[in-house]
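# Results of the structural survey
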Amino acid sequence: QVQLVESGGGLVQAGGSLRLSCAASGTFSPRPMGWFRQAPGKEREFVAAISRLGGTIYYADSVKGRFTVSRDNTKNTVYLQMDSLIPEDTAVYYCAAKVGTTSQQASQYESWGQGTQVTVSS
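We now turn to the structure provided with this report. The structure presented is a predicted model; accordingly, all values stated were derived computationally and were not measured. (Residues numbered from 1 in each chain as written. Predicted model: local features only at pLDDT ≥ 70, side-chain atom pairs only at ≥ 80, totals over all residues. Heavy atoms only, no water.)

## So, the packing of aromatic side chains
- Applying the stated criterion across every chain yields a total of five aromatic pairs.
- When the centroid spacing of 5.8 Å and the interplanar angle of 70° are considered together, the rings of Phe36 and Phe46 count as edge-to-face. With a gap of 10 residues between them, Phe36 in strand 4 (residues 33–38) and Phe46 in strand 5 (residues 45–50) connect regions that are remote in the sequence.
- Between Tyr94 and Trp112 the ring centres are 6.4 Å apart and the planes differ by 75°, which places this aromatic pair in the edge-to-face class. Of the two residues, Tyr94 sits in strand 9 (residues 91–97) while Trp112 sits in strand 10 (residues 111–112), which places them 18 residues apart along the sequence.
- An aromatic cluster of three or more residues is present, and its members are Phe36, Phe46, Tyr94, Tyr109 and Trp112.
- A cation over a ring is seen here: Arg44 above Tyr94, with NZ or CZ 4.0 Å from the ring centre.
- Its end group placed over the ring of Trp112, Arg44 keeps NZ or CZ at 4.6 Å from the ring centre. (Phe/Tyr/Trp six-rings, centres within 6.5 Å; stacked < 30°, edge-to-face > 60°. Helix = DSSP H or I, 4+ residues; strand = E, 2+ residues; numbered from the N terminus. Lys NZ or Arg CZ within 6 Å of the ring centre and 35° of its normal.)

This is the structure:
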């Protein structure tokens, strides 16, 4: 069983930056990891995903060029660097882990964190 804990969310002005972290514990070997977000009244959407060793990375079109996903397997931690934030990025951000191949589909992820709130003011 994998436990995931996100941190690093907060309130930031448009144009600012935040770095989210997702720390994994429990029975854990490097797995594909994903970041998703859910804004009020909207469905959860894919943000970014990274393969076990970081060789394959996917981004949603809405964040490409602004967000960077990375991982440090020595620390069992995945990061999401968010730059040039805009109000539309406001959401609860979740990290998730899965077995097998890297995916952009939330339904394929088995383990989820509790989420961290990101609020971007205009």
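## Digging into the sheet that holds strand 3 (residues 18–26)
- Here we have four strands laid out as an open sheet, ordered 1-3-8-7, and antiparallel in their pairing. What marks the edges here is a single partner per strand, and that holds for strand 1 (2–7) and strand 7 (67–72). Each strand of the sheet is rotated relative to its neighbour by a mean of 15°, with strand direction disregarded. (Pairing = 2+ DSSP bridges. Axes fitted to C-alpha atoms, helices over the stretch in contact; angles between N-to-C directions.)

## Some points on the pairing of strand 5
- When you tally the buried positions in strand 5, you get five out of six residues, the bulk of the element.
- Bridge count for strand 4 against strand 5 is five bridges, and the pairing is antiparallel. Directly across from Trp35, in strand 5, lies its bridge partner Ala48.
- Between the end of strand 4 and the start of strand 5, which pair antiparallel, lie six residues, with Gly41 showing a positive phi angle near 75°.
- As judged from the three bridges shared by strand 5 and strand 6 (residues 57–59), these two strands associate in the antiparallel manner. Across the sheet, the residue bridging to Ile50 is Ile57, located in strand 6. (Buried < 20%, exposed > 50% of the residue type's maximum accessible area, 1.4 Å probe, protein only.)

This is a description of form; function is not addressed.
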